[in-house]
Amino acid sequence: MVNTQEHTGLVPVADVARLSGLEFFQAIAAGDLPHPPMTGAIPMQVTQVETGRIIWTTRAPDWFINPLGQVHGGFAMTILDSALGCSVHSALPAGRGYTTVEAKVNMTRPIPLGEDLTCEGKMITLGNRIGTSEARLMDAKGRILGFGTSTCLIFDI
């Protein structure tokens, strides 16, 4: 997994507004635009994108360990929320953005520390004001560690 800490930053909203969601994430995956600043703290990167579908690759950092010695559920929720929202964003035309209205996450297995994980988000529906999506966080063996669904509010940016 590439260290995205070296290539993170904010893209001005005016620049984001000029790109379709697909173009935006393709530019991030290609390294032409920086990954979001949060990827400097949580090692995650966009590795695949197409309209309505995105894959983030990640690894739980050791500072996400909870008092019981397990990876905190907030790690999975963060990765799943990213895949859920970005799958919707990847289907939006230039000038449109989104925000999460609601997300539901189920944890199904402990998150392994120090292993590469993938999180695939897929858009389910897309309307003028609402988009819905689903995502799965998986280990290298393809086992589902957690999954979620989301509703996103779509607006002009």
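Residues numbered from 1 in each chain as written. Predicted model: local features only at pLDDT ≥ 70, side-chain atom pairs only at ≥ 80, totals over all residues. Heavy atoms only, no water.

A. The sheet that holds strand β1 (residues 44–50), seen in detail. Read across the sheet, 6 strands follow the order β1-β2-β4-β5-β6-β3 without closing on themselves; strand pairing throughout is antiparallel. The outermost strands of the open sheet, each flanked by one partner alone, are β1 and β3 (96–107). Averaged over all neighbouring strand pairs, the angle between strand axes comes to 20 degrees, with direction disregarded. In terms of strand pairing, strand β5 (residues 130–138) meets strand β6 (residues 144–156) through 9 bridges, oriented antiparallel. Each residue of the ladder has a partner; that of R136, found in β6, is F147. The sheet strands contacting helix α2 (residues 21–30) are β1 and β2 (53–58), and the helix crosses β1 at an angle near 135 degrees. Sheet strands in contact with helix α3 (residues 73–89) are β1, β2, β3, β4 (117–126), β5 and β6, and its direction is about 135 degrees off that of β5. (Pairing = 2+ DSSP bridges. Helix = DSSP H or I, 4+ residues; strand = E, 2+ residues; numbered from the N terminus. Axes fitted to C-alpha atoms, helices over the stretch in contact; angles between N-to-C directions. Contact = heavy atoms within 4.5 Å.)

B. Main features of the layout of surface pockets. In this structure, the largest pocket encloses a volume near 530 Å³. Elements with a contribution of two residues or more to the lining of the largest pocket: α1 (13–17), α2, α3 and β3. No other element matches the 5 residues that α3 contributes to the lining of the largest pocket. Across the lining of the largest pocket, the residue classes break down as 16 nonpolar, 7 polar and 1 charged. (1 Å grid on protein atoms, 1.4 Å probe; cavity = no way out; pocket = protein on both sides within 12 Å on 5 of 7 lines; lining within 4 Å. Points joined across faces, edges and corners; volume = space filled by probe spheres on them. Nonpolar A, V, L, I, M, F, W, Y, C, P; charged D, E, K, R; others polar.)

C. Representation of the pairing of β5. Two elements, β4 and β5, share 8 bridges in a ladder whose sense is antiparallel. Following the sheet pairing, T125 is matched in β5 by T132. Linking two consecutive strands that pair antiparallel, namely β4 and β5, is a turn of 3 residues. The antiparallel pairing of β5 with β6 creates a hairpin that spans 5 residues between the two strands, and G142 there sits at a positive phi of about 85 degrees.

D. How the structure looks around the nonpolar core. Counting residues in hydrophobic clusters, the biggest one holds 30 residues, and the most contacted among them are F25, F75, I111 and L137. For this core, the elements supplying multiple residues, two or more each, are α2, β1, β2, α3, β4 and β5. For this core, the leading source of residues is α3, giving 7 residues. Those residues in contact with F75 that sit more than four places away from it in its chain are I42, T58, R59, A60, P61, F64, I111 and L117. (Core = buried A, V, L, I, M, F, W, Y, C linked by side-chain atoms within 4.5 Å. Buried < 20%, exposed > 50% of the residue type's maximum accessible area, 1.4 Å probe, protein only.)

E. Structural context of α2. All buried positions along α2 are accounted for by G21, L22, F24, F25, A27 and I28. Looking at the buried positions of α2, the neighbouring elements they touch are α1, β1, β2 and α3. Looking one or two residues beyond α2, the residue adopting positive phi is G31, at roughly 85 degrees.

F. Here's a closer look at the pattern of salt bridges. Evaluated as defined, the whole model comprises 6 salt bridges. With its nearest N and O atoms 2.5 Å apart, the salt bridge here joins R59 to D116. Of this pair, R59 sits in the loop between β2 and α3 while D116 sits in the loop between β3 and β4, and the two are 57 residues apart along the sequence. For R143, the salt bridge goes to D139, with nearest N and O atoms at 2.7 Å. Residue R143 is classed as partly exposed on the basis of its relative accessible area, which comes to 35%. Among the residues examined, D139 registers a relative accessible area of 6% and is labelled buried. Beyond isolated ion pairs, a larger network of salt bridges with shared partners links E50, R53 and E120. (Salt bridge = Lys/Arg side-chain N within 4 Å of Asp/Glu carboxyl O.)

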